[in-house]
Each structure stands twice: as C-alpha cells, then as structure tokens.
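Structural overview
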Amino acid sequence: MPLKTPAEYVDSLRELNIRAYVNGERVESVADHPSIAPHINTVAKTYELSHDPEHQDVMTAESHLTGERIHRYTHIFHSADDLVKKIQMLRLLGQVTGTCFQRCVGLDALNALYAITYEIDQGEGTSYHQRFRDYLTGVQRADLMLAGAMTDPKGHRAKRPSQQDDPDQFVRVVERRDDGVVIRGAKLHNTGGINSHEILVMPGTGLSDAEGDYAIACAVPANADGVLFIFGRQSNDNRKLEGGCDIGNPRFGVVGGEAMVVFDDVFVPHDRVFMNGESTYAGTMVNYFATWHRANYGGCKGGNADVLIGATAKMTKVLGTERNSVVRDKLIEMIHMNETTYASAIGASAMGYPLPCGSYMVDPMMANTVKQNITRNVYQIGRLSHDLAGGFLATMPGEQSFENPEIARFVEKYHQANPEYETRDRVKLGRYIENMTSVTTMVEAMHGAGSPQAQRIVMLGQADIDKKIEMADRVIDGDDDVEGLPLPGKRQPVEVEG
Ligand code: SF4
C-alpha cells in the first residue's frame, strides 16, 4: 500500500538536502532544524493518521488511476462524497494538531492541474493531461508531500505581469529548450514548501494573450538546482526554542511554516511541464485552485477553533467562571460561528458538480462564503476567547519567573485562581490561546487562499443580481411561473481578471 509512515516522510526530507535559510542562515537539514520541526511534526501527523484504521475512511481513498489505496492528500476528487470527506479530514487534522497541516495546498494544486490539463488538451490539441496522469501516478505511489505555489510577488499592484519594471515579479519562462524550460521568479507565503518533496508551480493570476511566458505550470523537486527557500518569521517564534510553559502549541507549528521560494533559473524537463504558454487558461486554473482551497477553511479552521474553544472553556474552569450564564453564552457564540463555516464547507462540497475532466468542483458561491466568513469569524472567535480568558493573557509571567526561587512563590500565589488547577497550567493555556490568536494566525485567516475582496468579487458574480431582480418582480407581480430559475449547485466559477 503506497502510504508513507511519519518516519519515512522525515527520512525522505533528509535525503533531499533542500536549500533553505532561517533567520538569514543556511540550514544544514530542514528535517532537523528546530524552527521547521514543528511544521514537519504537523505534516507527519497526516501520514500517521492514514495508517490508523479508525480514520482510514477519511484519510485515504482509492486511486482512480491504479485502484490502489492512497492518501487522500494525493487523490483526485471524483464525487461530492470525496469533497465532503476532504472537509471531514481537515476538521479531524485541525482538531489533532491545532494548526495548519499544509498538504491541502498541494492537493488542490494537483486537482487544478488535473482539470486544466484536460481542458487545454481539448482546446489546443496538446497532450498535457496524459503527462500529468503519469506524474500523478508517481506522486500517489510515493505518497509525496507537495506544496502548491501560486502567489507571485506582484511588484507594482496597478501593473500587469508584462508591464512590470522588473519582469521577474511573476514567475516566467526565460528560456525554452528542446528538452524543457527554464523558469525564473519567486512565489511568496508558500505553505509547507520548505518541508515538501515537490513544488507545484501555477500562474498566480489571469493572463492576456501577450503574456504567454507567464503561463507556466510545472512540478519542481524541492531540491532542484536553483530552488531555495527563505523561511518567514512568526509571532513569538523563538519561544519554541525555549521550552517550558511559554510555548503554546508544543509539538506543532503556528500556521504553515510559510517561506519565500525562489526559482533562480531552474530547468524543468518537459515531462514535468503542464502548461507552457497557454495564457487563456491561467485564469480558470487560478479559479479552480482558489475555489477548492477557500472551502477548505471551514474544515481546517473548524478543527483549530475546536481546540481554541476547548482551551477557552478550560480557562473558564481555571478561573471558576464556567457556570456563569454570560460566559456560557459567549462559548455558544464561538461554537455558532465555528459550526456556521463548517456547515458552509460541507454544503459547498455536497453541492459539488463535475468538471469536463470528470473531477468534482465545490459550489463556488458557498466556497467563497466560507472563506469570507473565516476572515471575520476567526477574529471574532479569538476576540471572545480573549474576553473570557481575561487581561492575564497580556501580562502572564514567563517560565523564568517560575524558576527563580525569590519570586516563584509570589507568581504561584497571586496568579492562582481555582485551587484545583496549578498556576503553571493557567499560563500554558494562556500561551496556547495567545498562540492561536496571534498576528500570524489572524493574518493567515485573513489572506490565505486570497484576500477578502477576492471572495467578494466572486460572490457578486455568482449571485446573479439580475436574476434576483427577476425573482422580486415575479413575486411582487404575482407571476408564479418558476421556469428558468437557477438551481443551486449549477454555478460555475467566474473568470479572474488579470
Ligand atoms: Fe490546509 Fe487550512 Fe493550511 Fe490551507 S490553511 S493548507 S486548508 S490546513
């Protein structure tokens, strides 16, 4: 069965010798670096749970290419049930790790490439789809960790890729050879790339006919010549290195260990190239990827919020406020917001429909609504958590205060609330809440899978306001002819404007 164990995943990273930099210094082995380890631990959990009989139904699937049992993170969605199971998998993983487990970006990129290669072939007479199926078979059999890379630096935001003073602000082809292409540029905010086997490069925006050099989609090994990763800093990241009660989430990361990935004239052979100049398909591919990924947030953030709600509820016990009706009502509000986004993600999946290649797309209106709500609800849930946990969150003593005999007894005494709980446990909970509601976590909820306005543009396009005016006219005028009214689930993604 082609399912890696956690140890095999970590060992395989060691073998890659990925070129990475943390705080400006070259990393000897990403698999052994303390700043990257929490993110690797999180991914390792995705491998571990695929071997757990209790979770095999959501963590694995049957490959439509080989018939073998594969990890759901390398599966092509072939039904609404597949889409629902993916959301269930994300909630489970969110509950187990309390953070971002990174592999969904590669999964959605695989699905976007599967769909778009079929459509390019249909329109242009190319043969990308079979090439991609061959690549995908290898990915499934090796159970690879893939990172999707879409977000370009973008330079001057008012200018198109071809209008930039620096043409490298969007990843592009700088040379076409008989045996492949050479690409140059960078992708930002790259989730999980630094601890992945492969990077799936995709265009980051819709492109014009004249922008064929930017229409490049390909698979690049993370250790290919010319590829390097520059790891981003996160809120309080050095606390992970300190140990003690200040860490927050001790084993797993904060969000996805994002990095800048640079392609410094990287050669990609033809068998790894899945779009090469077909610029008119770039917008559709961006839409496919973004729509799947936006629905995900109802699953992963749902699982993360379950843990945060649990930590907040326990904090109320530590404080002795858990029976207060106002406190309970605020917990209900947190639960309500969380279940609303989860329900929308399940709904978007249940209303999925087949694409021309036979794979399944989520309902785009609901998927975008999920992400739009995430940009608000994660903040609101965090706000209520702060409200219930109290100002202590901002003034907690550090580990060192518990270790200094001169002051430890004062810290223990004056920060203890309900005597059934240790003061140090109160700090651990507080640090976890601080972690889950820090700048890094919030900003990821705001901008991951596209900034809020990107979802609102799609929502307006999907809403079909003229149809709604027609509905209003019919109701008001008393005409009960319902012919021609839209059926939910038949909505198609709108094109992204470049
Ligand atoms: Fe997966 Fe959520 Fe992380 Fe995106 S933000 S990679 S959907 S866990």
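All of the points below concern the structure found in this document.

How each quantity is defined
- Residues numbered from 1 in each chain as written.
- Predicted model: local features only at pLDDT ≥ 70, side-chain atom pairs only at ≥ 80, totals over all residues.
- Heavy atoms only, no water.
- Helix = DSSP H or I, 4+ residues; strand = E, 2+ residues; numbered from the N terminus.
- Buried < 20%, exposed > 50% of the residue type's maximum accessible area, 1.4 Å probe, protein only.
- Contact = heavy atoms within 4.5 Å.
- Lys, Arg positive; Asp, Glu negative; His and termini not counted.
- Charge placed at Lys NZ, Arg CZ, Asp CG, Glu CD.
- Salt bridge = Lys/Arg side-chain N within 4 Å of Asp/Glu carboxyl O.
- Axes fitted to C-alpha atoms, helices over the stretch in contact; angles between N-to-C directions.
- Parallel < 35°, antiparallel > 145°, perpendicular 65-115°, else oblique.
- Left-handed = near helix turned anticlockwise from the far one by under 90°.
- Nonpolar A, V, L, I, M, F, W, Y, C, P; charged D, E, K, R; others polar.
- Near = heavy atom within 4 Å.
- Expected span 1.5 Å × (residues − 1).
- Bend = angle between axes of the 7 residues up to and from the residue.
- Core = buried A, V, L, I, M, F, W, Y, C linked by side-chain atoms within 4.5 Å.
- Polar contact = N/O pair within 3.5 Å; in protein donor to acceptor, adjacent residues only side chain to side chain.
- Pairing = 2+ DSSP bridges.
- Patch = residues over 30% accessible without salt bridge, like charges linked within 9 Å, V, L, I, M, F, W, Y side chains within 5 Å.
- Areas by Shrake-Rupley, 256 points an atom, 1.4 Å probe, with all protein chains shown as cover.

Of regular secondary structure, the protein chain possesses 17 helices and 14 strands. For the C-alpha atoms alone, the extent of the protein chain along its principal axes is close to 75 × 70 × 50 Å. Burial statistics for the protein chain: of 498 residues in total, 56% are counted as buried. The contacts in the protein chain between residues at least 6 apart in sequence include a share of 77% that link residues at least 24 apart. Across the protein chain, the 50 positively charged side chains and the 67 negatively charged ones have centroids separated by 5 Å.

Of note, the phi angle at Asn17 is positive, near 50°, even though the residue is not glycine. Here the phi dihedral of Asn23 falls at roughly 50°; this positive angle occurs in a residue that is not glycine.

Take the pattern of salt bridges next. According to the stated counting rule, one finds 28 salt bridges in the structure shown. Between Asp108 and Lys86 there is a salt bridge whose closest N-O contact spans 2.7 Å. Taken together, the residues Asp108 in helix H5 (residues 103–124) and Lys86 in helix H4 (residues 80–97) connect sequence positions 22 residues apart. In this pair, the class of Asp108 matches that of Lys86, namely buried. With a closest N to O distance of 3.0 Å, Asp152 and Lys187 form a salt bridge. With Asp152 in the loop between strand S5 (146–149) and strand S6 (172–177) and Lys187 in strand S7 (residues 180–190), this pair connects stretches of sequence that are 35 residues apart. Given the relative accessible area of 4%, Asp152 is considered buried. Where salt bridges share partners, they join Asp168, Arg172, Arg184 and Asp265 into one cluster.

Where helix H9 (residues 325–350) meets helix H10 (residues 364–389), the closest approach of the two axes is 9 Å, and the angle between their N-to-C directions is 165°. Overall, the two elements H9 and H10 adopt an arrangement that is roughly antiparallel. Between H9 and H10 lies a crossing whose hand is left-handed. Residue-level inspection shows Val327, Lys330, Leu331, Glu333, Met334, Met337, Asn338, Thr341, Ser344, Ala345, Gly347 and Ala348 of H9 in contact with H10, the latter providing Met366, Ala367, Val370, Asn373, Ile374, Asn377, Gln380, Ile381, Leu384, Ser385, Asp387 and Leu388. When grouped by side-chain class, the residues that make up the contact of H9 with H10 number 13 nonpolar, eight polar and three charged.

The next point concerns the site of the ligand. The immediate surroundings of the ligand are formed by Cys100, Phe101, Gln102, Cys104, Val105, His293, Asn296, Tyr297, Cys300, Lys301 and Glu444. Among the elements of the structure, H5 and helix H8 (282–319) are those that each provide at least two residues to the shell around the ligand. Of the residues forming the shell around the ligand, the biggest block, five residues, is contributed by H8. Considered class by class, the residues forming the shell around the ligand number six nonpolar, three polar and two charged.

Before going further, it helps to spend a moment on H10. Between its first and last C-alpha atoms H10 spans 37 Å; for 26 residues at 1.5 Å apiece the expected length is 38 Å, and the two agree. Helix geometry: H10 is bent most strongly at Ile374, by close to 35°. Just past H10, the residue Gly390 takes up positive phi, approximately 90°.

Attention now goes to the nonpolar core. With 57 residues, the main nonpolar core has Tyr135 and Trp292 as its most contacted residues. Mapped onto this core, the elements with two or more residues apiece are helix H3 (56–59), H4, H5, helix H6 (128–142), strand S9 (216–221), strand S12 (273–276) and H8. By residue number, the principal contributor to this core is H5, which donates 11 residues. The residues contacting Tyr135, other than those within four sequence positions of it, are Leu110, Leu146, Glu198, Leu200, Ala219, Arg272 and Phe274. One finds Ala20, Val173, Ile199 and Val266 within the second-largest nonpolar core, a separate group that totals 39 residues.

Another point: the environment of Gly248. Its location among the elements puts Gly248 in the loop between helix H7 (239–242) and strand S11 (259–269). Counting along the chain gives 186 residues from Gly248 to Glu434, while the straight-line C-alpha distance between them is 7.4 Å. With sequence-adjacent residues up to four places away left out, Gly248 is seen in contact with Arg431, Tyr432 and Asn435.

Within the secondary structure, Thr60 sits in strand S3 (residues 60–62). In this structure the side chain of Thr60 is engaged in a polar contact, spanning 2.6 Å, whose partner is the backbone oxygen of Gln56. At a separation of 3.0 Å, a polar atom in the side chain of Thr60 contacts the side chain of Arg69. What Thr60 contacts, discounting residues up to four positions off in sequence, is Leu3, Ser50, Arg69, Ile70, His71 and Arg72.

On to the sheet that holds S9. Overall, mixed pairing links the four strands, which are arranged S5-S8-S9-S12 in an open sheet. The outermost strands of the open sheet, each flanked by one partner alone, are S5 and S12. Taken over all neighbouring pairs, the strand axes of this sheet differ in orientation by 20° on average, direction set aside. Across the face of the sheet, H6 comes into contact with S5, strand S8 (198–201), S9 and S12 while running at roughly 145° to S12.

Our next topic: a nonpolar patch on the surface. A contiguous nonpolar patch, built from Ile407, Phe410 and Tyr414 and spanning about 320 Å² of accessible area, is present on the exposed surface. One can find Tyr414 in helix H13 (residues 408–414). What makes Tyr414 exposed here is its relative accessible area of 59%.

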